[in-house]
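Structural overview
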Amino acid sequence: MAAAAMVTELGLDTRGAGQGAVALVVLGIMIAALRRPVVFQAIGFLVAENGVYLAGLSVEGGLPGAVELALLFDLLVVLAVAGAFGAKIHEEFGTSDTTVLRRLRD
């Protein structure tokens, strides 16, 4: 909320769109950084990606189709990698909690 309140004009259609986009990006980063299960980290990346997409939709005149497809491809790649990583962690350790990775030291 504080980050959204501190946002000045981003050049979007409305100030509310800029505040919403920043709020989603900050919230997504916080979810990904503070939650340990891989599923929640993937959800955090998805929330942050939605913030970037909201900003893209709010640009005057819209974004070209190629940029929108690139955002969609980026989202699919991030979720696929997070899903594969989470499945491998669960297979090896029997849990999707990323704190178990601290045991993997040389």
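Now for a description of the structure that goes with this document. Note that the structure is predicted; figures quoted are calculated from it, not measured.

**Description of the side chain of glutamine 41**
Along the chain, glutamine 41 falls in helix α3 (residues 38-57). If we ignore the near neighbours within four places in the chain, the residues touching glutamine 41 are Ala32, Arg35, Arg36 and Thr98.

**Observations regarding a nonpolar patch on the surface**
A surface patch of nonpolar side chains, amounting to about 270 Å² of accessible area, comprises Val26, Met30 and Leu34. The residue valine 26 is located in helix α2 (residues 15-34) in this model. Judged by relative accessible area, valine 26 falls into the partly exposed class, the value being 35%.

**Side note on helix α4 (residues 65-93)**
Here α4 contains 29 residues, and its C-alpha end-to-end distance of 42 Å stays within 8% of the 42 Å for a straight helix at 1.5 Å per residue. Those residues of α4 that fall on the buried side of the exposure criterion are Leu71, Leu75, Ala82, Gly86 and Ile89. On the buried face of α4, the contacting elements are α3. Among the residues trailing α4, glycine 94 stands out with phi positive, at a value near 80°.

**Quick notes on the packing of α2 against α3**
Packing of α2 against α3 leaves a shortest axis separation of 7 Å and a crossing angle of 165°. In terms of orientation, α2 and α3 fall into the roughly antiparallel class. α3 is crossed by α2, and the crossing has left-handed handedness. Across from Ala17, Gly20, Ala21, Leu24, Val25, Leu27, Gly28, Ile29, Ile31 and Ala32 in α2, the residues of α3 making contact are Phe40, Gln41, Gly44, Phe45, Val47, Ala48, Asn50, Gly51, Val52, Leu54 and Ala55. In terms of residue class, the contact of α2 with α3 is built from 15 nonpolar, 6 polar and no charged.

**Points about the pattern of salt bridges**
A side chain of one charge can pair with a side chain of the opposite charge if their charged atoms are brought near each other. Enumeration over the complete set of coordinates arrives at 1 salt bridge. In this structure, lysine 88 engages glutamate 91 in a salt bridge whose closest nitrogen and oxygen atoms are separated by 3.6 Å. Placement of both lysine 88 and glutamate 91 in helix α4 is noted, with a separation of 3 residues, approximately one turn of the helix. Given the relative accessible area of 44%, lysine 88 is considered partly exposed.

Calculation criteria
Residues numbered from 1 in each chain as written. Predicted model: local features only at pLDDT ≥ 70, side-chain atom pairs only at ≥ 80, totals over all residues. Heavy atoms only, no water. Helix = DSSP H or I, 4+ residues; strand = E, 2+ residues; numbered from the N terminus. Contact = heavy atoms within 4.5 Å. Patch = residues over 30% accessible without salt bridge, like charges linked within 9 Å, V, L, I, M, F, W, Y side chains within 5 Å. Areas by Shrake-Rupley, 256 points an atom, 1.4 Å probe, with all protein chains shown as cover. Salt bridge = Lys/Arg side-chain N within 4 Å of Asp/Glu carboxyl O. Buried < 20%, exposed > 50% of the residue type's maximum accessible area, 1.4 Å probe, protein only. Expected span 1.5 Å × (residues − 1). Axes fitted to C-alpha atoms, helices over the stretch in contact; angles between N-to-C directions. Parallel < 35°, antiparallel > 145°, perpendicular 65-115°, else oblique. Left-handed = near helix turned anticlockwise from the far one by under 90°. Nonpolar A, V, L, I, M, F, W, Y, C, P; charged D, E, K, R; others polar.

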